[in-house]
Amino acid sequence: MVIASVTAESNERISTLEYPVVDLSWKRGRAAELLVRACEEFGFVKVVNHGVPRSDIAKMEAEGARFFALPPCEKQKAGPPTPLGYGIRSIGFNGDMGELEYLLLHSNPSYISQKAKTICRKDPIHFSGVVNEYVKQVRQLACQLLDMVGEGLGLQDTRVFSRLLQDSENDSLVRLNHYPPWPGSDRAGGDADRDPAGGKSRDKRSGGGRIGFGEHSDPQILSILRSNDVDGLQILSAQADDGGVWIPVPADPVAFYVIVGDALQAMTNGRLVSVRHRAMANSCRPRTSTVFFGAPSPGTRITPLPQMIKPDAPRRYKSFTWAEYKKAMYSLRLGHNRLDLFLADPDDHDQESGISN
């Protein structure tokens, strides 16, 4: 897990680094150790032999493809995003834009069943069944990984993280993304392309490519991402002296990619890092991805765990509820470092720590 040599593209640095991989068929102790190391150094890890049935993955991908192939007027019936629902290019409420269309859903089965009536009018029961089963499987994977993180950190209560995702009031989400093909990818100097709704959009370039979803960190505890066989995901490594390099992550449709979120960084007092990442959209083929965002209930109070606070690692973050963090998130631009708003006051000797509902 050491940064390889980098090559400059435009005013950025792009690396062809080998990123961490954890095989869940390994002995659990060894896998947990490497998982924590990856989350400390990168905030990111590729997971293979994860146990999620390929049939459930294929069905979820098919439902996403079926929805995004609908006429724009039909897709619009599932929007606008508030923030849940169908959206085109606009990300959030503060002017951020991307080269994609997406469908953002709450993971609650009742919500999905109700929302399915506007997403798949021909067979909403089938759609909700597929999505709910996929969410169930990926949530189980997220909980398994979080338990392994607890073990790798040597916590007394190794289920302290996973319980938050199993709470009946958890605020977890699932998002389906569709990045349309870019005609400019196979011709030099391409200056425009079609957006998902038709018409032209400006070419957004960075490091020789078009940004589909801009640089950001995920606010939740843990994200579980999977894409089709089209590249696009990049993670930012902060190990370089110049502030970091972008690491392209080759697509692997049979693997899942695990991304540490802000909440987990706060709970581990900064030991695990919430990785900044982005999605490029400069392929001549469409890229699709599905992301499960594991989050606690709105009233859950998030604060560094007692075992994470030590003389050489003083408390870094204030205590806050997930609802308070979401409110701050929706008030900021996509690329803002939200945790900076919750840094602990060095003069505050309040030692409250732990997680409570």
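Counting restarts for each chain, with residues numbered from 1 along the sequence as it is written. The predicted nature of this model means local features are confined to residues of pLDDT at least 70 and side-chain atom pairs, given and counted, to a pLDDT of 80 or more, with totals for whole chains, interfaces and linings taken over all residues. Heavy atoms throughout the structure, all of them, feed into the side-chain values; hydrogens and water do not.

Break down the overall build of the protein for me, with residues and values.
Summing up its helical and strand segments, the protein has eight helices and 19 strands in all. Accessible area is worked out with a 1.4 Å probe on protein chains only. A residue is then buried under 20% of its type maximum, exposed over 50%, and partly exposed in between. Across the 357 residues of the protein, 54% fall into the buried class. Restricting the contact set of the protein to residue pairs at least 6 apart, pairs at least 24 apart contribute 72%. As displayed, the protein has an accessible area near 15700 Å², and 51% of this comes from carbon and sulfur atoms. The way it works is that DSSP assigns letters per residue, a run of H or I at least four long becomes a helix, a run of E at least two long becomes a strand, and they are numbered from the N terminus. A contact between two residues is defined here by any heavy atoms of the two lying within 4.5 Å. Surface accessibility in these figures is a Shrake-Rupley result with a 1.4 Å probe; residues are shielded only by whichever protein chains are displayed.

Lay out the environment of S289 in plain terms, naming residues and giving numbers.
You can see S289 is positioned in strand β17 (residues 287-294). A C-alpha to C-alpha distance of 8.3 Å links S289 and E61, two positions 228 residues apart in sequence. Those residues in contact with S289 that sit more than four places away from it in its chain are R175, L176, N177, Y179, R226 and S227.

Can you lay out the side chain of N177 for me, pointing to particular residues and giving the numbers?
Here N177 shows up in strand β7 (residues 173-179). Polar contacts involving the side chain of N177 include one to the side chain of R175, which spans 2.8 Å. Setting aside residues up to four positions removed in sequence, N177 forms contacts with F68, L100, E101, Y102, R287, T288, S289 and V291. In protein, a polar contact means a hydrogen-donor-capable atom and an acceptor-capable atom, both N or O and within 3.5 Å, with residues adjacent in sequence counting only if both atoms are side-chain atoms; elsewhere, any N or O pair within 3.5 Å suffices.

Give a description of the pairing of β17 that names residues and reports values.
The buried fraction of β17 is high, at seven of eight residues. Only strands joined by at least two bridges in the DSSP assignment are considered to pair. Taken together, the seven bridges between β7 and β17 define a ladder with antiparallel strand orientation. When the bridges of β17 are listed, Y179 appears paired with R287.

Give a detailed account of the sheet that holds strand β3 (residues 21-23), specifying residues and quantitative values.
Pairing is mixed across the open sheet formed by eight strands, whose spatial order is β3-β4-β15-β12-β17-β7-β6-β5. Both outer strands of the open sheet, β3 and β5 (85-91), are each paired with one neighbouring strand and no more. Each adjacent strand pair in this sheet contributes to an overall mean axis angle of 25°, direction not counted. Pairing of β5 with strand β6 (residues 96-106), which is carried by six bridges, proceeds in the antiparallel orientation. If you follow S90 over to β6, its bridge partner there is M97. Here helix α5 (residues 124-152) sits on the sheet in contact with β4 (44-48), β6, β7, β12 (222-227), β15 (256-260) and β17, set at roughly 125° to β12. Angles shown run from 0 to 180 degrees and are taken between the N-to-C directions of axes, each axis being a line fitted to C-alpha atoms and, for helices, limited to the stretch in contact.

Explain the side chain of H178 to me, and be specific about the residues and the numbers.
Structurally, H178 can be placed in strand β7. Taking relative accessible area as the criterion, H178 reaches 14% and is therefore assigned buried. A polar contact of 2.7 Å, which involves the side chain of H178, links it to the side chain of E101.

I'd like a description of the environment of R175, backed by residues and values.
Within the secondary structure layout, R175 lies in strand β7. It is 9.9 Å that separates the C-alpha atoms of R175 and G64, two residues lying 111 residues apart in sequence. Ignoring sequence-local partners within four residues, the contact set of R175 consists of Y102, L103, L104, F213, S289, T290, V291 and F293.

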